[in-house]
Amino acid sequence: MPAIEIEGVTTIFGPRPRRALAAWRAGAGKAELLAGGHVLALADVSLSVGAGEFFAVMGLSGSGKSTLIRHVNRLVEPTEGRIRVDGVDVAGLDRRGLEAFRRGRVAMVFQHFGLLPHRTVLENAAYGLEIRGEARAAREAVTRDWLGRVGLSGYEDRLPRALSGGMRQRVGLARALAVGTPVLLMDEPFSALDPLTRVELQDELAALARAHSRTILFVTHDLDEAARLADRIAILRDGAVVQVGTPADILERPADDHVRAFVGAVSRARGQPPSRPFASPSAG
Ligand SMILES: Nc1ncnc2c1ncn2[C@@H]1O[C@H](COP(=O)(O)OP(=O)(O)O)[C@@H](O)[C@H]1O
Ligand SMILES: [Mg+2]
């Protein structure tokens, strides 16, 4: 059973989403929807993420990445379609079921860290366990352990403002990992960091994800980051999935000009010529 299944999801923001959906099905374009105050954020998206898979969603700003990931813990509800996590239809959860689901099944890491400014590193990292009702001693023991694994031993009593961006996001990571949910949602967690810190945290996340077999849905606008981390990548354009594949599939066999443009930009940034689909290693 896949860990996350997204099936035929179309999401429209605005005053009358269902009516706008009917108009879109009947052929109205994005501009027409917009004239009525509606934004087509996701268009017929279907994706399946396996248990333990590191799955990246990428696309330009406004392509629907955040909207998509927020469906998984039901911060956003689709206008049409279905989202299942470990077989559970998230739309079918009642209020208490949803609370339990958010505490026990999925954790989220945010781009701007989402730390509470007046709480120490330890208190911030223990927050998920605290709202789940874990006793102080137990949650602090687990949290200290995770802070150690993300390189923050010795910083437990600091406040977030005394930390660099990279260290703040280590706290965000520890907080998400400490609750022990099988699914982690990460929305551009490293975008606000400088390039060296970003690569360092990417490597650590990759190692932690492997060691603790979490299912990770990771949003980025950076194909280089997606290619370093992900087992598979989905590319969104204007709310629609244009390609799903392994990093090698995407880099070597881009589905269209839009994907090819991304790939070309990454290759140039790495100082390499764009990869040629039919190039083979020279015979020994
Ligand atoms: N709550 C909202 N109300 C109206 N429009 C929204 C809302 N959230 C997102 N959008 C619009 O949906 C589209 C996709 O946004 P988003 O998912 O944030 O893209 P990304 O994360 O890829 O930058 C954008 O056009 C954005 O302006
Ligand atoms: Mg976003």
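See the structure above.
Residues numbered from 1 in each chain as written. Chains lettered and ligands numbered in written order. Predicted model: local features only at pLDDT ≥ 70, side-chain atom pairs only at ≥ 80, totals over all residues.

Novice: Would you explain the sheet that holds strand 2 (residues 39–49) in this entry?
Specialist: Hydrogen bonding along the main chain pairs the strands of a sheet, whether they run parallel or antiparallel. Strand order across the open sheet formed by four strands is 2-1-4-5, with antiparallel pairing between neighbours. The open sheet is flanked by strand 2 and strand 5 (88–89), the only strands paired with a single partner. Sheet topology note: the strand 1 (residues 4–13)/strand 2 ladder contains seven bridges and is antiparallel. In the sheet register, I12 faces strand 2, and the bridge partner there is L40. Those strands touched by helix 1 (residues 17–25) are strand 1, strand 2 and strand 4 (80–85), and its axis lies near 100° from that of strand 1. (Pairing = 2+ DSSP bridges. Helix = DSSP H or I, 4+ residues; strand = E, 2+ residues; numbered from the N terminus. Contact = placed C-beta atoms within 7 Å. Axes fitted to C-alpha atoms, helices over the stretch in contact; angles between N-to-C directions.)

Novice: Explain the packing of helix 8 (residues 165–178) against helix 9 (residues 195–212) to me, please; I cannot follow it from the model alone.
Specialist: Orientation of helix 8 relative to helix 9, taken along the N-to-C sense of each, is 15°, at an axis distance of 10 Å. In terms of their interaxial angle, helix 8 and helix 9 are classed as roughly parallel. Once helix 8 is placed against helix 9, the crossing between them reads as right-handed. Between helix 8, through G165, G166, Q169, L173 and L177, and helix 9, the contact on the second element is made entirely by T197, L201, L205 and L208. Across the contact of helix 8 with helix 9, the residue classes break down as five nonpolar, four polar and no charged. (Parallel < 35°, antiparallel > 145°, perpendicular 65-115°, else oblique. Left-handed = near helix turned anticlockwise from the far one by under 90°. Nonpolar A, V, L, I, M, F, W, Y, C, P; charged D, E, K, R; others polar.)

Novice: Looking at this structure, I do not really get the packing of helix 7 (residues 136–149) against helix 8. What am I missing?
Specialist: A pair of packed helices can be characterised by two numbers: the angle between their axes and the separation between those axes. Direction vectors running N to C along helix 7 and helix 8 enclose 135°, while the axes themselves pass 9 Å from each other. Classified by the angle their axes make, helix 7 and helix 8 are oblique. Of the two possible hands of crossing, helix 7 and helix 8 adopt the one that is right-handed. Taking contact as the criterion, the partners of V142, T143, W146 and L147 in helix 7 are, on helix 8, A174, L177 and A178. Class assignment of the residues belonging to the contact of helix 7 with helix 8 gives a composition of six nonpolar, one polar and no charged.

Novice: Help me out: how do you make sense of the site of ligand 1 in this one?
Specialist: Residues in contact with ligand 1, as listed here, are F13, V39, A41, G59, S61, G62, S63, G64, K65, S66 and T67. Elements represented by at least two residues in the shell around ligand 1 include exactly strand 2 and helix 3 (65–72). At three residues, the largest contribution of residues to the shell around ligand 1 is made by helix 3. (Near = placed C-beta within 6 Å.)

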